[in-house]
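Geometric and topological summary
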Amino acid sequence: MSLVTDLLAGVAEFFADVLVFRRQREKRGHAKRDIADDAMAVAHFDVVSLLWIALVCVGLMFLLIFGLGVPVGWGVGIGVVVAAAWGYRKYAQLLRDE
């Protein structure tokens, strides 16, 4: 795909993320906020939180594989499970914030 197509797909995905986030907050009974506040919360989660989670979990994988001698499959699997659990916890925390 071209660069423009990738950029448009990324923008559309971000808007979909914000709309899903707003709908989930409404279903949980939270007060409505301005869409800009929700967009900033989703952007912060996407850029800062997920990047931090990814870096820490890749470091964990390297430590397990190269430092402790765990087989590659197990090291990657443990890293992915830790990243998924941590990401779910951070997203649930984002939904709970008022």
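Above this text sits the structure in question.
Rules used in this analysis
Position labels on residues start from 1 in each chain and follow its written sequence. Local features are withheld for residues below a pLDDT of 70 in this predicted model, meaning they are given only at 70 or higher, and side-chain atom pairs are given and counted only at 80 or more; totals for whole chains, interfaces and linings count all residues. Side-chain descriptors were evaluated using all non-hydrogen atoms of the structure, hydrogens and water having been removed beforehand. Here a helix means four or more residues in a row that DSSP labels H or I, a strand means two or more in a row labelled E, and each is numbered from the N terminus. Pairs of residues are marked as contacts when any of their non-hydrogen atoms sit within 4.5 Å. Here, the term nonpolar core denotes a set of buried Ala, Val, Leu, Ile, Met, Phe, Trp, Tyr and Cys residues that are joined through side-chain atoms within 4.5 Å. A 1.4 Å probe rolled over the protein chains alone gives each residue an accessible area, and that area as a share of the maximum for its type sets the label: buried under 20%, exposed over 50%, partly exposed in between. Orientation is described by lines fitted to C-alpha atoms, with helices fitted over the stretch in contact, and by angles between N-to-C directions that extend from 0 to 180 degrees. Every angle not falling under 35 degrees, over 145, or within 65 to 115 is termed oblique; those three ranges are roughly parallel, roughly antiparallel and roughly perpendicular. By the definition used in this description, the sense in which the near helix is turned from the far one sets the handedness, with an anticlockwise turn below a right angle giving left-handed and a clockwise turn giving right-handed.

Here we take up the side chain of Ser49. Secondary-structure assignment places Ser49 in helix α2 (residues 35-67). Residues contacting Ser49, with those up to four places away along its chain left out, are His44 and Lys90.

Let's shift gears to the nonpolar core. The biggest cluster of nonpolar side chains holds seven residues, and these are Val18, Phe21, Ala41, Val42, Phe45, Leu94 and Leu95. Going through the elements one at a time, α1 (3-27), α2 and α3 (72-96) are the ones with two or more residues in this core. Counting residues per element, this core draws most heavily on α2, at three residues. Apart from residues lying up to four places away in sequence, Phe45 is in contact with Leu50, Gly87, Lys90, Tyr91 and Leu94.

This brings us to the packing of α1 against α2. Between α1 and α2, the least distance of the axes is 9 Å, while the angle of their chain directions is 115°. Judged on the interaxial angle alone, α2 and α1 are roughly perpendicular. Here α1 runs over α2; the crossing is right-handed. When α1 is examined against α2, the residues Phe14, Asp17, Val18, Phe21, Arg22 and Arg25 are found in contact with a partner set consisting of Ile35, Asp38, Ala39, Val42, Ala43 and Asp46.

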